[in-house]
Amino acid sequence: MCLDNGPLLLVQGDKERTLDNVASLLPLDGKVKLVDVFGKIEEIAGKIEEIDLLNNRIVLA
């Protein structure tokens, strides 16, 4: 059975963004590093609070 409900969402407060091309999500001290399939790196302030695979979302605090 395939439960593909679309791309993962990164949720932080009221902001949501899709993780369409993100290959890695690396937790750092007080930050999360996103690395996409093209090698582009972005760091976001926050820490992973919840990973909800059923609803395709990762929640940052």
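First, a word on what this report is: a plain description of the structure on this page. Per chain, the residues get numbers from 1 upward, laid out in the order the sequence is written. Where totals are concerned, whole chains, interfaces and linings use all residues; where local detail is concerned, this predicted model gives features only for residues with pLDDT of at least 70, and gives and counts side-chain atom pairs only at 80 or more. Side-chain descriptors were evaluated using all non-hydrogen atoms of the structure, hydrogens and water having been removed beforehand.

Points about unusual backbone geometry
- We note that N56 has phi near 55°; this positive angle belongs to a residue other than glycine.
- Only runs of H or I of at least four residues qualify as helices and only runs of E of at least two qualify as strands under DSSP, and these elements are numbered from the N terminus. If you trace the backbone, N56 turns up in the loop between β6 (48–52) and β7 (57–60).
- Overall, the relative accessible area of 11% leaves N56 in the buried class. Residue burial is assigned from relative accessible area. The probe radius is 1.4 Å, only protein chains are included, and a residue is buried under 20% of its type maximum, exposed over 50%, and partly exposed in between.

Quick notes on the sheet that holds strand β2 (residues 15–18)
- Should DSSP find at least two bridges between two strands, the strands are regarded as paired. Strand order in the open sheet formed by 4 strands is β2-β1-β7-β6, and the pairing between neighbours is mixed. Looking along the sheet, the strands with just one partner apiece sit at the ends: β2 and β6. Between one strand axis and the next, the sheet turns by 20° as a mean value, whatever way the strands run. Axis lines are fitted to C-alpha atoms, over the contacting stretch for helices. Their N-to-C directions set the angle, which ranges from 0 to 180 degrees.

Looking at a nonpolar patch on the surface
- Within the patch definition used here, like charges are joined within 9 Å and nonpolar side chains (Val, Leu, Ile, Met, Phe, Trp, Tyr) within 5 Å, considering only residues with over 30% relative accessible area and no salt bridge. Per-residue and other accessible areas follow the Shrake-Rupley method at a 1.4 Å probe size, with only the shown protein chains counted as cover for residues. Salt bridge, as applied in this entry: a Lys or Arg side-chain nitrogen positioned within 4 Å of an Asp or Glu carboxyl oxygen. A cluster of nonpolar side chains, contributed by L8, I51 and L53, occupies part of the molecular surface with about 300 Å² of accessible area.
- Summarising the element assignment, L53 is placed in the loop between β6 and β7.
- Residue class for L53 comes out exposed when judged on its relative accessible area of 63%.

With respect to the pairing of strand β3 (residues 22–28)
- Where β3 and strand β4 (residues 31–36) come together, 6 bridges link them in antiparallel fashion. Within β4, the position partnered with L25 by the bridge is L34.
- A loop of 2 residues connects β3 with β4, the two strands running antiparallel in sequence, and G30 in this loop sits at a positive phi of about 80°.

Some remarks on the sheet that holds β4
- Strand order in the open sheet made by the 3 strands is β3-β4-β5, with antiparallel pairing throughout. Taken across any chain shown, the strands that pair with only one partner, and hence form the sheet edges, are β3 and β5 (41–45). For this sheet, the mean angle separating the axes of adjacent strands, direction not counted, is 20°.

Geometric descriptors of this kind do not, in isolation, establish any biological role.
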